[in-house]
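Residues per chain are reported as follows:
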Amino acid sequence: MAILFKRSALLHIILVILAFSFSGFSFLTRVQCFGINYGQIGNNLPQPEKVLQLLQSIRITKARIYDTNPQILTAFAHSGVELSVTVANDMLDVLMDPQQALQWVNTHIKPYVPATKITGIAVGNEVFTGDDTSLVAKLVPAIINVHGALVQLGLDQYIQVSTPSSLAVLASSYPPSAGCFQPELTAIMTQFLHFLSTTKSPFWINAYPYFAYKDAPNGISLDYVLFNPNAGMIDPYTKLRYDNMLYAQVDSVLFAMLRLGFNAIEVRVSETGWPSKGDQNEVGANPTNAATYGRNLLRRQYGNEGTPLRPRMRLEVYLFALFNEDMKPGPTSERNYGLYQPDLSMAYNVGLSGSVSTTSSTSTSTSTSTSTSTSTSAPTSTASISLTSSASYDHKQVPKMGYQSLVYWMFVYLSAFHLVLRI
């Protein structure tokens, strides 16, 4: 009886080890809280089908688009990729009418779900700090009406409604514990936060440490904004230590919400990134810094990290952007945030590797959405996320690290099984 117990216990241990080892192997090839922004402001964009194949090859399962492009929504059907879509700022007037909001959801959302996994609707983009201040008063009613339409159609359990804001909504963000909203936004922000709290929707923030560094390169540590090892900073009031600016920016938003009495709303980063090229006055915009920022951010995402204020709540982040967008207005940096060039070559490498065909067709149509995107050609393989090598893997082979891991654990299993037989 004792021998049988020992064998049973040992076999149980072996199975647990194998379960952890293989689940770990799977985890290392996919980051669950990492997404990417896929814009469409370009005249050289590949077809959405090719973009989907690229995302699948680099194992990205979340994407955000800046419209409700029917070609994209159709192409992404049955792919499992979670999509956040966007309502243009100039639609807020229309969506003030609940019936118009219902018609919009019936036209732009309902026909595509559940085949296309739409999980979020962004009503407007950076409206609170936009040039058209008349839109601010229309934003929350429009959000409420879109959500109400989802409720009527039974889709509210699957699709969250929110709006991305820039960090300019804060009057103060340093140290993080001093975070507070602009005084003129207090009333409307309170209404918005009440909606988020009631519907359990996230507060989306577009956070770019690059902007802070560009404006004060002599006063801000480059390592601090790039997630590199550094001394960090300690908030004098909370004594929390911050080793990167992005987490400090997120926590400043959390403190701003706390000041208005809201302590249970999740903050997600709807945009963050680093340009690989810029004008002469755009300090730090180069491929090395862009790759370092993206790679280190991805490394943090691997660990499902939270911020110092909420260490146990993983921070969901969407990298900006998938492609360089050649028709985007503004300084040179605006057209150079993409991981990929239109010709499918990498603009900078953050460690996402995949084998991609270079024979894709391109679309010549131009979109009027807020972000650009270039598509890539059809990847011919699955890929892994590698933080140590930029090499692509042969689609006929198991990734080297995974193969070695498999061999190792099979050896462990066989050795342990042999031991069981000898007991």
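Criteria and thresholds
Residue numbering note: each chain is counted from 1, following its sequence as written. For a predicted model such as this one, the threshold for reporting local features is a pLDDT of at least 70, and the threshold for listing and counting side-chain atom pairs is 80 or more; totals across whole chains, interfaces and linings nevertheless cover every residue. With hydrogens and water set aside, each side-chain value is computed from the structure's full complement of heavy atoms. Note on conventions: DSSP H or I runs of at least 4 residues are helices, E runs of at least 2 residues are strands, and numbering of each starts at the N terminus. A simple rule labels every residue: compare its accessible area, found with a 1.4 Å probe on the protein chains alone, to the largest value its type can have, and call it buried under 20%, exposed over 50%, or partly exposed in between. Any two residues having at least one pair of non-hydrogen atoms within 4.5 Å are treated as being in contact. For our purposes a nonpolar core is just a set of buried Ala, Val, Leu, Ile, Met, Phe, Trp, Tyr and Cys residues, chained together by side-chain atoms within 4.5 Å. When a carboxyl oxygen of Asp or Glu is within 4 Å of a side-chain nitrogen of Lys or Arg, the pair counts as a salt bridge. Note that His is not counted, nor are the chain ends; the positive residues are Lys and Arg, and the negative ones are Asp and Glu. N or O atoms closer than or at 3.5 Å make up a polar contact, with two conditions inside protein: a donor-capable atom paired with an acceptor-capable one, and, for residues adjacent in sequence, both atoms drawn from side chains. Orientation is described by axes fitted as lines to C-alpha atoms, over the contacting stretch for helices, and by angles from 0 to 180 degrees between their N-to-C directions. The cut-offs work like this: below 35 degrees is roughly parallel, past 145 is roughly antiparallel, 65 to 115 is roughly perpendicular, and the gaps in between are oblique. In a left-handed crossing the near helix is turned counterclockwise from the far helix by less than a right angle, and in a right-handed crossing that turn is clockwise. An expected span of 1.5 Å times one less than the residue number is assigned to each helix. Note on pairing: two strands pair once DSSP finds at least 2 bridges between them. What the arc covers is the set of directions going from the helix axis to the C-beta atoms.

Asker: Tell me what's going on with the overall build of the protein, and back it up with residues and numbers.
Answerer: For the protein, the helix and strand inventory stands at 12 helices and 15 strands. Per-residue burial for the protein yields a buried fraction of 51% across its 423 residues. When contacts within the protein are restricted to residue pairs at least 6 apart in sequence, long-range pairs at least 24 apart make up 73% of them.

Asker: Explain the nonpolar core to me, and be specific about the residues and the numbers.
Answerer: With 104 residues, the main nonpolar core has Ile109, Ile121, Val123 and Phe203 as its most contacted residues. The element best represented in this core is helix α10 (residues 245-259), accounting for 10 residues. Residues within four places of Val123 in sequence aside, it is in contact with Val87, Leu92, Leu139, Ala142, Ile143, Val146, Val161, Ser162 and Thr163.

Asker: Give a description of the pattern of salt bridges that names residues and reports values.
Answerer: Under the criterion given, the structure shown has 11 salt bridges. The partner of Lys62 in a salt bridge is Glu316, and the shortest N-O contact between them spans 3.9 Å. Of this pair, Lys62 sits in strand β3 (residues 62-64) while Glu316 sits in the loop between α11 (287-302) and β14 (317-319), and the two are 254 residues apart along the sequence. Here Lys62 falls in the buried class, since its relative accessible area comes to 6%. When its relative accessible area of 5% is taken as the criterion, Glu316 is described as buried. A salt bridge links Glu305 to Arg300; the nearest nitrogen and oxygen atoms lie 3.2 Å apart. Since its relative accessible area comes to 28%, Glu305 is described here as partly exposed. A residue is classified by how much of its surface remains accessible, and Arg300, at 14% relative accessible area, is buried. Among the ionic contacts, a cluster of salt bridges with common partners joins Lys62, Glu82, Lys117, Glu266, Arg268 and Glu316.

Asker: Give a detailed account of the side chain of Asp235, specifying residues and quantitative values.
Answerer: Structurally, Asp235 can be placed in the loop between β11 (233-234) and β12 (241-242). It turns out Asp235 is buried and unbridged, and the closest side chain with the opposite charge, Lys239, is 7.6 Å from it. Within the structure, Asp235 has its side chain in polar contact with the side chain of Ser177 (distance 2.8 Å). A distance of 2.9 Å separates the side chain of Asp235 from the backbone nitrogen of Tyr237, its partner in a polar contact. For Asp235, the residues in contact, after removing those within four places along its chain, are Pro175, Pro176, Ser177, Leu240 and Tyr242.

Asker: Quick rundown of the environment of Asp215? Include the residues and the values.
Answerer: Position of Asp215 relative to the elements: it lies in helix α8 (residues 209-215). Placed 68 residues apart in sequence, Asp215 and Val283 show a C-alpha to C-alpha distance of 8.2 Å. There is a polar contact of 3.1 Å between the side chain of Asp215 and the side chain of Lys214.

Asker: Before we move on, can you summarise the packing of helix α6 (residues 136-152) against helix α7 (residues 186-199) with the specific residues and values?
Answerer: Contact pair α6 / α7: the axes reach a minimum separation of 9 Å and the direction vectors enclose 15°. It follows that α6 is roughly parallel to α7 by the angle criterion. The handedness of the crossing between α6 and α7 is left-handed. Of α7, the residues touching α6 (which contributes Val136, Val140, Ile143, Ile144 and His147) are Ile188, Gln191, Phe192, Phe195 and Thr199.

Asker: Any details on unusual backbone geometry? Residues and values, ideally.
Answerer: The peptide bond linking Val113 to Pro114 adopts the cis configuration, its omega dihedral lying at 5°. Within the secondary structure, Pro114 sits in the loop between α5 (98-108) and β5 (118-123). In this structure, Ala321 follows Phe320 across a cis peptide bond, with omega equal to 10°. Among the secondary structure elements, Ala321 is positioned in the loop between β14 and β15 (362-363). One non-glycine residue with positive phi stands out, namely His78, at about 60°. Among the secondary structure elements, His78 is positioned in the loop between α3 (70-75) and β4 (82-87). Positive phi values are uncommon outside glycine, yet Phe227 reaches one of about 70°. If you trace the backbone, Phe227 turns up in the loop between α9 (222-225) and β11.

Asker: Any details on α6? Residues and values, ideally.
Answerer: Structural remark: α-helix, 3.6 residues per turn; residues separated by three or four positions point the same way. Between the first and last C-alpha of α6 there are 25 Å, a value that for 17 residues agrees with the 24 Å anticipated at 1.5 Å per step. Of the surrounding elements, those touching the buried residues of α6 are α4 (92-95), α5, β5, β6 (160-162) and α7. Following α6 by one or two positions, Gly154 has its phi on the positive side, about 70°.

Asker: Requested: an account of the pairing of strand β10 (residues 203-206), with residues and values cited.
Answerer: Residues Phe203 and Ile205 of β10 are buried on one face, and the alternating residues Trp204 and Asn206, pointing to the opposite face, are buried as well. Relative to β10, strand β7 (residues 164-166) runs parallel, the two being bridged by three bridges. Bridge pairing in β10 links Ser165 to Ile205. Here β10 runs beside strand β13 (residues 267-272); their pairing, made up of four bridges, is parallel. Paired with Phe203 across the strands is Val267, a residue of β13.

Asker: Tell me about α5, and please be specific about residues and values.
Answerer: Along α5, the residues that are buried comprise Ala101, Leu102, Trp104 and Val105. The buried residues of α5 occupy an angular sector of 160° when the element is viewed end-on, so they sit on one face. Turning to α5, the residues buried within the fold contact β4, α4, β5 and α6. Its side-chain oxygen placed 3.0 Å from the backbone nitrogen of Gln99, Asp97 serves as the N-cap of α5.

Remember, this is a structural readout, not a statement about activity or role.
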